[in-house]
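# Secondary and tertiary structure notes
Listed below, chain by chain, are the residues.
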Amino acid sequence: MVHQMIHTIEFVLGAVSNTASYLRLWALSLAHSQLSAVFYEKCFVAALEIGSWWAIVIGFYIWALATFGVLMIMESLSAFLHALRLHWVEYQNKFYQGDGYEFVPFTFKTITMD
C-alpha cells in the first residue's frame, strides 16, 4: 500500500513537472511573438513614419538584426534547456534504475604492462 502511494505521488509530480515544462515552452513562444512585434513597432514603423529612404533602410536593418539576434539566442537557449530536461528529467524518471555496478573512470594506472 505504501509502495503504491509513493508511485502515485511520483506520477502526479512527474505529470505536473511535464505540464509546467511545456507551459514554459508555450510562454517562450508567446514572448517571441511579442518581442518581434515590439521590435517591429519601435524600429521599423518608427522609420516608416520618418519617411526618408535612408531611415527606412536603417530601421529595417536594426529591426532585422535585433529580431534575428535576440530571438535566435532565446530559441537556442530554449532548445538547449528542453533537450537537457528531456535527457536528465524524463530519462531519469522512466528508464534509469541505478542498480548496476559503480562507475570506475578509465585510468592508465589500472593497465598492467606485459
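Every residue gets a number counted from 1 within its own chain, in the order that chain's sequence is written. Under the rules for a predicted model, residues below a pLDDT of 70 receive no local features and side-chain atom pairs below 80 are neither given nor counted, while totals for whole chains, interfaces and linings still include all residues. Just so you know, side-chain values use all the structure's heavy atoms and leave hydrogens and water out.

Okay, the overall build of the protein next. By definition, any uninterrupted DSSP run of H or I lasting at least four residues is a helix, any uninterrupted run of E lasting at least two residues is a strand, and each is numbered from the N terminus. For the protein, the helix and strand inventory stands at two helices and zero strands. Rg of the C-alpha trace for the protein: 25 Å, well past the compact-globule value of 13 Å for 114 residues, more than 25% over. Projected onto its principal axes, the C-alpha positions of the protein cover 75 × 55 × 10 Å. Taking all 114 residues of the protein together, the buried fraction comes to 15%. For this analysis, residues touch if any pair of their heavy atoms sits within 4.5 Å. Relative to all contacts within the protein whose residues are 6 or more apart in sequence, the contacts with residues 24 or more apart total 71%. Here the accessible surface of atoms and residues is derived via Shrake-Rupley with a 1.4 Å probe, and residues count as covered only by protein chains that are part of the display. When the accessible surface of the protein is summed, it comes to about 9,700 Å², and 73% of that surface belongs to carbon and sulfur atoms. As used throughout, the charge tally considers Lys and Arg to be positive and Asp and Glu to be negative, leaving His and the chain termini uncounted. Where a charge lies is defined by one atom per residue type: Lys uses NZ, Arg uses CZ, Asp uses CG and Glu uses CD. Distance between charge centres in the protein, computed from 5 positive and 8 negative side chains, equals 4 Å. Here the globule rule reads 2.2 Å times residues to the power 0.38, and the radius of gyration is calculated from C-alpha atoms. The cut-offs for exposure are 20% and 50% of the maximum accessible area for each residue type, with area from a 1.4 Å probe on protein chains only; residues under the lower value are buried, those over the upper are exposed, and the others partly exposed.

Turning our attention to the environment of Phe39. For Phe39, the position within the fold is in helix 1 (residues 2-50). Through-space distance from the C-alpha of Phe39 to that of Ser21 is 27 Å; in sequence the pair is 18 residues apart. Excluding its chain neighbours within four sequence positions, the residues that come into contact with Phe39 are Phe44, Trp63, Ala66, Thr67 and Val70.

Moving on, we come to the environment of Glu75. Relative to the elements of secondary structure, Glu75 occurs in helix 2 (residues 53-94). Sequence separation of Glu75 and His87 is 12 residues, and the distance between their C-alpha atoms is 18 Å.

By this rule the span expected of a helix is its residue count minus one, scaled by 1.5 Å. Spanning 49 residues, helix 1 covers 71 Å between terminal C-alpha atoms, matching the ideal 72 Å at 1.5 Å per step. Bend is the name given here to the angle between axes fitted to two runs of seven residues, the run ending at a residue and the run starting at it. At Glu41, helix 1 shows its strongest bend, of approximately 30°. Gly14, Ser21, His32, Phe39, Cys43, Phe44 and Ala47 are the residues of helix 1 that are buried.

This part covers the packing of aromatic side chains. Working definition: a ring pair exists when centres of Phe, Tyr or Trp rings (six-membered ring for Trp) sit within 6.5 Å. Plane angles under 30 degrees give stacked, over 60 give edge-to-face, the rest tilted. This model, assessed by the stated rule, comprises five aromatic pairs. Ring centres 5.5 Å apart and planes at 50° place the aromatic pair Phe60 and Trp63 in the tilted group. Highlighted residues: Phe60 and Trp63, both in helix 2, separated by three residues, approximately one helical turn. Residue classification places Phe60 among the partly exposed positions, given a relative accessible area of 41%. Of the aromatic side chains, those joined through ring pairs into one cluster are Tyr40, Phe44, Phe60 and Trp63.

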